[in-house]
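Commentary on secondary and tertiary structure
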Amino acid sequence: MSDVVEKTLTALPSLLLSVDSQPGSAKLSTSSKLGSLIRNITELTSKHEEEKLIQRELSSIKDQVSSPNTTMRQMKELMVRAIYCEMLGYDSSFTYIHAIKLAQQGSVLEKRVGYLAVSLFLNEHHELLLLLVNTVLKDLQSTNLIEVCMALTVVSQIFPKDMIPAILPLVEEKLNHPKEIIRRKAVLALYKFHLIAPNQVQHIHNKFRKALCDKDPGVMGASLHIYLHLIQENPEGYKDLTTSFVTILKQVVGGKLPMDFNYHSVPAPWIQIQLLQILSLLGKNDPGTSEIMHEILEESLRRAEMNHNITYAILYECVKCIYTIHPKSDLLEKAAKCIGNFVLSSKINLKYLGLKALTYVVQQDPKLALQHQMTIIECLEHPDLIIKRETLEILFRITNAQNVTVIVEKMLTFLSTSEDDHTTIDLVGKVAELAKKYAPDNEWFIQTMNAVFSLGGETMQPDITNSFLKLLSEGFDSVEEDRKLKVFAVNSYVSLLEGEPEKLPQRFLQVISWVLGEFSHLQQDVGAETVVCLLDKLLHMKNSTSETKTWVLMAMTKVCEGAACAPLVQSVCETYSSSLDTVLRQRAQELQHLSRDPALRARVLPPVCTREPLEVDSSLSFLDEFVSEALAAGAAPYKPSHQRQEELAQTKAVSYEPYQLTLPISTTAHTHTPSLLSISSSLSEGSADLSHKGGSSSLKLEGVKRVWGRGGYEAAQVETPSPPQEGGDPSISHTPPLTSEDTESKQQEQQLASSMFLGLDHSSVTLMGKGDSTPSWLKRKERGQTPLNDAQTFTDPQELTDPSPLHVVSPQFPQSPVIANGTSDTEAALALACLDTNRSSTNQLEDRGLSLYLPAELSGLICSEISVLCSSESLELSACHVHKLRSLEMIVFISNSSDNAVQQIQVQLHSEQLEVSCASESQMEEVKGHSVVVRQYSLRVRKPSVHVELIGTLFHPETPQNVQFTYRLPLSSFIRPLTLSTEEYGTMWLSFSNDTKQNLTLVHSENEGPLRATLNVLTEDLHLHVVEIIGMEAIVACRLLQDQPCLMHCRVHGDALAVWLRSPVPELPDCLIYHCQRALQGH
Amino acid sequence: MFRWSHLVIYICVQMQFMLLFSRQGKLRLQKWYVPLCDKEKKKITRELLQTVLARKPKMCSFLEWRDLKVVYKRYASLYFCCAIENQDNELITLEIIHRYVELLDKYFGSVCELDIIFNFEKAYFILDEFLLGGEAQETSKKNVLKAIEQADLLQEIVLETVSQIY
């Protein structure tokens, strides 16, 4: 009895609080424990006291939560206090488990606090979250609507990814719930699932369409989140919905929605904005779709007239949409006017948005920047940094060769005052980009880069230094210009080192060391000993890191020459040969040896201009033999680490239902496998000079030309020589914008404007394509191109990459293939496609006329080279394979070179990986003297592997021993295109469970985009079928002969093509990726 | 170097987090829509509080912070502060804040900082009903409040039965 009384008493205060705090009455809840805690805290004066108080509070909470006598009601009160302590920054992780318990066991209102605590305390990856799954499952099935709501709310915030399948059916079911609040929350829960595990909700996409048509605007609005995301990923897939979205927007704008959705008498602004975002994605680069939305966009612009923030928000989105979709001139005009209103507004928020819109559109419509040039100049001096920053962003986009000096100066001024690392990194990168593209002369370029390095410090993106050094080392077309640039750089660095090198960032010192090491010999006025002295100074600086010292020692090794340097070099060597840092010790040793032996030094470190570019076989093809041997010996095929982990995760994952098909969980993050890219890019010129550079350096000099790499393309992209800019007086752009104090500020601004917006009014061409107006000084030598061409003439790339080069056998008519009757069109097309690429190799054929013996129905098809398998006495066995659509035919030629006929010859083929069937029935053959007998075998793949091997035996009655031979052919010979629609592809993709992801190098071509070019190479070499290309993504399908499909999803990701392969056959994706690599390597 | 994009794996969450804090720099409410560890959360809160409190009244309501855009607005002694991604619409975020304040105002009846301090769990409930997982869930003011009141009503019914028992 006393127990009950006590419980009532403890519960009383919180009861009072709850009763009191009804809507509309804010009570300070003097009696509650939370209230007293808060009041106590506010009375405290020092942080220390607060800490003590909270620790006391937490320990009392800890005692109570773990006591078995605590009721759920008390637990709820404790939980609220724990949330409060956590918010103040104190750790109350011991309550997490109790929060879950409260959600599980409490009554409805306690549960509410329990769920809230869970959503506040835990994040997606917290292990305790697994304990919540059962509770959610139970509540989703509850008949109490509020419980269902709470469960859906928590699910939309946090839920363990692996557990989604457990509750997915229940959530799906809720899409049909009579209550709109439940439907709406279910849609949002599915949106969350789509974000964290898109694969698992792919099958319910059609249900989203139902949600879009829901009679409740709230549910419809919620489904827009999903559509926005889906369309962002794949705009092509949802074009059919354009009219629906337009109709919805029309209804919203026309005020057809219930009044509740109005916000300051604007109808449903959030829904409007989302629809506008969706429309802009759909209409991008698509005149037809854009056409549908022109009318409603105009209507939106007209309707949004009221002077309120919310209408401006809609207008801004409208303008963005108009400039994103296929342009229509009168709409653009209206949008431009709208931007003008923003920019000229006295409200700072609107001004900012106007500038942001201007940044967005200025590349399409540079005249707009001209119109607002005076505002832009004003904003450049605005006291609010964010306005200044956005203005610089506009300027960055309108930079050309004529205004570059003024704009870069403005950017550097801003940089020197900026304290935010993120801004610094971003702007420094932009300045470096502009300097590279538009530098008017050497002097300016070097000085600007000096500023970049000084301001950028250690946080700068490493590729800035890399590309700078690459540019310097590769030089220019004109020898004289080239020398001037280098000499200027050397002079500038010498004077910097003579000044105060302590103030320079380490990365800059490393650049300086490298440049001095490579090029200081070009400057006759500066002797080697001066340079060594200056470098030595860097070694003695306190803040020099050992990495910098390594660079310095390397530079010294290159420079030290003559007796004058010897004593200094000697002392440096002595100091560092006993250094604790092994890399430094190594460098010191090298310095010591090489400085004594000039002949050796000249051989080890030739001057950069005479150095041969390195050839890097980035696919490691020289290991192929080793790999295939290992595979043949039974080794497991290599799996990239991510796949291993995924497989591991799959075996660990809990299965919810017996015999359920588990789909692999996809991660949105891109997993980079240790692939070709990383190898090739980490090879640097620095490591080429001194092979033991070790891992100490973070500066990578990309001086190495890969033989089959993108070198040629890069050169072509950056170095397009173009005539010098027309128009504009260069003298204006060089005058400092602000000359004297006493001139009127207006005049100054005018002058600044005239120099800043130079070249904008001529034509949009100067602006549109950045890089197409490269000044003449940037004509760089195209080094690395020549060796590439040489290599191509000597070795046919096809032969390099493919052990059995394909060629078309058409003995009678070498130039035009004869397509025999009976071969399907596809086969003919296949053959034709290969004809062009392989014609050259046809001439090199030395098949001794054997191809004449090819069965007639196989002529005109793709055929491999005929190779000798074995010979015994007078008999010789040769073979080749011919690609048929449904099979791969292996043709074995048995030729008898003696005068006598040989009888009872038997050839047997078998293979673990292949299924072999023979066309002719008889096992024995008789080969007459000086004749050839042809046997034809059909091959099918039983077990895919990179290369498949046939082991054959030749039984020959006249010799006691049978002759064994092997025939190896690449899996790519079995690959055939698989024609299917995108929908079919989608369902197939979901049903396949074996996958591989890898990044491939992109092929660059002048006529097409990199994705197209790469796909062309792949389809040509591997006979893949491109199902669809959507923006930067493509889906491709193929199969092994008639069965065993493999699907491929490609996405351009930076410099690489991220490929994801799926197939029902475990080995197939890995094998195919190998052949893709090989195919791309050949280009 | 810290980069936000390294931490946030899930793209396309409109709002990254929302913070409510007083002029004195005391945190009143925090809601994170992206998974972050506690240490990171504390660091972000500390840095952001300092930055926002240092802003002058006539300045822009938006600021660039790391690679995010922060939108803030002051209501009496309380700052409401949201982080969104750079390409998002800042003005509509400002209106989201305003709508949230309207909801609080309607629920508490001319809301003041003390209401939020002492009934912060209620403020969270309202926020969850309005914004779910970083996206505007329900934009009708009436519907949000209806949902909250229904749950509250249930609470009262239970309380009544409890008081009848004792």
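This structure is a prediction, so every number in the text was calculated from the model and none was measured.

Turning our eyes to something else, we now look at the overall build of chain A. Summing up its helical and strand segments, chain A has 46 helices and 19 strands in all. When the 1083 residues of chain A are sorted by exposure, 55% land in the buried category. Sequence-distant contacts in chain A: of pairs separated by 6 or more residues, those separated by 24 or more amount to 68%. As displayed, chain A has an accessible area near 47,400 Å², and 53% of this comes from carbon and sulfur atoms.

What follows covers the overall build of chain B. Within chain B, the regular secondary structure consists of six helices and seven strands. Along chain B, helices (α) and strands (β) appear in the sequence α-β-β-α-β-β-β-α-α-α-β-β-α when read from the amino end. Taking all 166 residues of chain B together, 66% fall into the buried category. With the model as given, the accessible surface of chain B reaches about 6,300 Å², and the carbon-plus-sulfur share is 55%.

Before going further, it helps to examine the sheet that holds strand β8 (residues 902-910) of chain A. Residue and element names in this part refer to chain A. Read across the sheet, four strands follow the order β10-β8-β12-β13 without closing on themselves; strand pairing throughout is antiparallel. Only two strands of the sheet have a single neighbouring strand rather than two, namely β10 (924-927) and β13 (963-970). Taken pair by pair, the neighbouring strands of this sheet meet at an average axis angle of 30°, ignoring direction.

Quick look at the packing of helix α15 (residues 287-303) of chain A against helix α17 (residues 329-344) of chain A now. All names here are of chain A. For the pair α15 and α17, the least separation of the axes is 11 Å and the interaxial angle reads 25°. Taken together, the axes of α15 and α17 lie roughly parallel to each other. In the crossing of α15 with α17, the sense of the turn from one axis to the other is left-handed. Contact residues: α15 offers His294, Leu297, Glu298 and Leu301, while α17 offers Asp330, Leu331, Lys334, Ala335 and Cys338. Taken together, the residues that form the contact of α15 with α17 break down as five nonpolar, one polar and three charged.

With that settled, the discussion passes to the interface of chain B and chain A. Contact with chain B, which involves 80 residues of that partner, is made by 86 residues of chain A. Between chain B and chain A, the buried area comes to about 7,400 Å², and carbon and sulfur atoms account for 60% of it. On inspection of chain B and its partner chain A, the count reaches seven salt bridges. Between Glu90 of chain B and Lys356 of chain A there is a salt bridge, with its nearest N and O atoms 2.7 Å apart.

With that settled, the discussion passes to the side chain of Ser513 of chain A. For Ser513 of chain A, the location among the structural elements is in helix α27 (residues 506-519). Setting aside residues up to four positions removed in sequence, Ser513 of chain A forms contacts with Leu535, Leu538, Trp551, Val552 and Ala555 of chain A.

Residue and element names in this part refer to chain B. Counting buried residues along strand β5 (residues 78-85), eight of its eight residues qualify, which places the element largely inside the surrounding structure. Side-chain alternation along β5 places Leu78, Phe80, Cys82 and Ile84 on one buried face and Tyr79, Cys81, Ala83 and Glu85 on a second face that is also buried. As judged from the seven bridges shared by strand β1 (residues 15-22) and β5, these two strands associate in the antiparallel manner. Opposite Leu20, over in β5, you have Phe80 as the bridge partner. Sheet topology note: the strand β4 (residues 68-75)/β5 ladder contains eight bridges and is antiparallel. Of the residues in β5, the one forming a bridge with Val70 is Ala83. Linking β4 back to β5 in an antiparallel pair, the connection comprises two residues, with Ala76 at a positive phi of about 50°.

All right, on to the pattern of salt bridges then. Taken as a whole, this structure holds 40 salt bridges over all chains when the rule is applied. In this structure, Arg303 of chain A and Glu299 of chain A form a salt bridge, with 3.0 Å as the shortest nitrogen-oxygen distance. Residue Arg303 of chain A and its partner Glu299 of chain A are both found in helix α15; the two are separated by four residues, about one turn of the helix. The partner of Lys430 of chain A in a salt bridge is Asp426 of chain A, with the nearest N and O atoms 3.2 Å apart. Taken as a pair, Lys430 of chain A and Asp426 of chain A lie in helix α23 (residues 421-438) at a separation of four residues, close to a single helical turn. Given the relative accessible area of 13%, Lys430 of chain A is considered buried. Where salt bridges share partners, they join Arg389, Glu393, Asp426 and Lys430 of chain A together with Glu64 of chain B into one cluster.

Bringing the pairing of strand β5 (residues 867-872) of chain A into the picture now. Where β5 of chain A lies against strand β6 (residues 875-883) of chain A, five bridges are found, and the strand directions are antiparallel. Within the sheet, the bridge partner assigned to Ser872 of chain A lies in β6 of chain A and is Leu875 of chain A.

Further remarks concern the sheet that holds β1 of chain B. Strand pairing in a sheet is mediated by backbone hydrogen bonds. Such pairs are either parallel or antiparallel. Residue and element names in this part refer to chain B. Strand order in the open sheet formed by five strands is β2-β1-β5-β4-β3, and the pairing between neighbours is antiparallel. Every other strand in the sheet has two partners, leaving β2 (27-32) and β3 (62-65) as the edge strands with one partner each. With strand direction ignored, the average angle separating the axes of adjacent strands in the sheet is 20°. Taken strand by strand, helix α2 (residues 38-53) contacts β1, β2, β3, β4 and β5, and its axis lies near 60° from that of β1.

Here chain A shows a mean pLDDT of 76. Residues at 70 or above account for 77%. Here residues 763-846 of chain A scores under 50 on pLDDT; set against residues more than four positions off or in separate chains, the count is 153 contacts.

Turning our attention to the packing of aromatic side chains. As enumerated under the stated definition, the model contains 23 aromatic pairs over all chains in all. Seen from their ring centres, Phe159 of chain A and Phe193 of chain A are 6.3 Å apart, and the 50° between their planes marks the pair as tilted. Within this pair, whereas Phe159 of chain A is found in the loop between α8 (145-157) and α9 (164-173), its partner Phe193 of chain A is found in helix α10 (residues 180-196), the two being separated by 34 residues in sequence. Here Phe159 of chain A and Phe193 of chain A have matching classes, each one buried. When the ring of Phe120 of chain B is compared with that of Tyr124 of chain B, the centres are 6.2 Å apart and the planes differ by 85°; the resulting orientation is edge-to-face. You can see Phe120 of chain B and its partner Tyr124 of chain B sitting in helix α5 (residues 120-130), four residues apart, about one turn around the helix. A cation over a ring is seen here: Lys62 of chain A above Phe94 of chain A, with NZ or CZ 5.2 Å from the ring centre.

Glancing now at helix α45 (residues 1010-1022) of chain A. Taking 1.5 Å as the rise per residue, α45 of chain A with 13 residues should run 18 Å; its terminal C-alpha atoms sit 18 Å apart, in good agreement. One or two residues past the end of α45 of chain A sits His1023 of chain A, with phi positive at roughly 55°.

On to the environment of Pro462 of chain A. Residue and element names in this part refer to chain A. With respect to the element layout, Pro462 can be found in helix α25 (residues 462-474). On the basis of relative accessibility, which here comes to 37%, the residue Pro462 falls in the partly exposed class. Along the backbone, Pro462 and Arg507 are 45 residues apart, and their C-alpha atoms lie at a distance of 9.0 Å.

Let's shift gears to the nonpolar core. Side chains of a nonpolar character, in soluble globular proteins, are inclined to be buried together. In terms of nonpolar packing, the biggest core is built from 287 residues, with Phe245 of chain A together with Tyr100 of chain B touching the most fellow members. If we ignore the near neighbours within four places in the chain, the residues touching Phe245 of chain A are Leu212, Leu224, Tyr227, Ile231, Leu275, Ile278, Leu279 and Leu282 of chain A. In this structure, Leu939, Val963, Leu971 and Val1059 of chain A belong to the second largest nonpolar core, which totals 61 residues.

The subject of this paragraph is the packing of helix α26 (residues 479-498) of chain A against α27 of chain A. Each packed pair of helices is defined by two parameters, the angle between the axes and the distance between the axes. All names here are of chain A. In the contact formed by α26 and α27, the axes pass within 10 Å of each other and the chain directions differ by 130°. Comparing the axis directions of α26 and α27 gives the class oblique. Of the two elements, α26 crosses α27, and the hand of that crossing is left-handed. Mapping the contact onto sequence places Lys486, Ala489, Val490, Tyr493, Val494, Leu496 and Leu497 in α26 and Phe508, Leu509, Val511, Ile512, Val515, Leu516 and Phe519 in α27. Taken together, the residues of the contact of α26 with α27 sort by class into 13 nonpolar, no polar and one charged.

The predicted coordinates ought not to be read in detail in places where the model reports low pLDDT. Residue and element names in this part refer to chain B. When the pLDDT values of chain B are averaged, the result is 83; 84% of them are 70 or greater. Confidence scores differ between elements of chain B, with helix α1 (residues 4-7) showing the lowest mean pLDDT of 40 and β5 the highest of 93. For residues 1-12, every residue scores under 50 in pLDDT, and the model assigns this stretch 37 contacts once sequence neighbours within four places are set aside. Confidence metrics for the complex model read pTM 0.63 and ipTM 0.89.

Looking now at the environment of Phe125 of chain B. Residues and elements named next belong to chain B. Inspection of the secondary structure assignment puts Phe125 in helix α5. Taking relative accessible area as the criterion, Phe125 reaches 9% and is therefore assigned buried. For the pair Phe125 and Ala147, spaced 22 residues apart in sequence, the C-alpha to C-alpha distance is 9.8 Å.

Looking at where Gln274 of chain A falls in the secondary structure, it is placed in helix α14 (residues 269-283). Judged by its relative accessible area of 9%, Gln274 of chain A is buried. As for Gln274 of chain A and Ile314 of chain A, which are separated by 40 residues in sequence, their C-alpha atoms are 9.7 Å apart. Sequence-distant contacts of Gln274 of chain A, defined by excluding residues within four places in its chain, comprise Gly221, Leu224, His225 and Leu228 of chain A together with Glu135 of chain B.

Calculation notes
- Along each chain, the written sequence defines residue order, and numbers are assigned to residues from 1.
- As a convention, the first chain written is A and the first ligand written is 1, with the rest following in written order.
- At least 70 in pLDDT is required for a residue's local features to be given in this predicted model, at least 80 for side-chain atom pairs to be given and counted, and no such filter applies to totals for whole chains, interfaces and linings, which use all residues.
- With hydrogens and water excluded, all non-hydrogen atoms of the structure serve as input to the side-chain values.
- Starting at the N terminus, helices and strands are each numbered in turn, a helix being any DSSP run of H or I of at least four residues and a strand any DSSP run of E of at least two.
- Residue exposure (1.4 Å probe, protein chains only): buried if accessible area is under 20% of the type maximum, exposed if over 50%, otherwise partly exposed.
- Residues count as neighbours in contact if any of their non-hydrogen atoms are within 4.5 Å of one another.
- We get accessible surface area from the Shrake-Rupley algorithm with a probe of 1.4 Å; when it comes to residues, only the shown protein chains can shield them.
- Should DSSP find at least two bridges between two strands, the strands are regarded as paired.
- Inter-axis angles, ranging from 0 to 180 degrees, are taken between N-to-C directions of lines fitted to C-alpha atoms, where helices are fitted over the stretch in contact.
- Convention used here: angles under 35 degrees read as roughly parallel, angles over 145 as roughly antiparallel, angles from 65 to 115 as roughly perpendicular, and any remaining angle as oblique.
- We call a crossing left-handed when the near helix sits turned anticlockwise from the far one by less than a right angle, and right-handed when that turn is clockwise.
- In this classification, Asp, Glu, Lys and Arg are treated as charged, Ala, Val, Leu, Ile, Met, Phe, Trp, Tyr, Cys and Pro as nonpolar, and every other residue, Gly included, as polar.
- For any pair of parts, buried area is found by adding up, for both, the accessible area (1.4 Å probe) each one loses once the two are put together.
- A pair is scored as a salt bridge if a Lys or Arg side-chain nitrogen falls within 4 Å of a carboxyl oxygen belonging to Asp or Glu.
- Residue-level confidence of the predictor is what pLDDT reports, using numbers from 0 through 100.
- Aromatic contacts are taken between Phe, Tyr and Trp rings whose centres are within 6.5 Å, Trp giving its six-membered ring; a plane angle under 30 degrees counts as stacked, one over 60 as edge-to-face, and the others as tilted.
- In our convention, an over-ring charge means Lys NZ or Arg CZ found within 6 Å of a ring centre and within 35 degrees of that ring's normal.
- Here the expected length of a helix is defined as 1.5 Å per residue gap, with one fewer gap than residues.
- In this description, a nonpolar core means a group of buried Ala, Val, Leu, Ile, Met, Phe, Trp, Tyr and Cys residues linked to one another through side-chain atoms lying within 4.5 Å.

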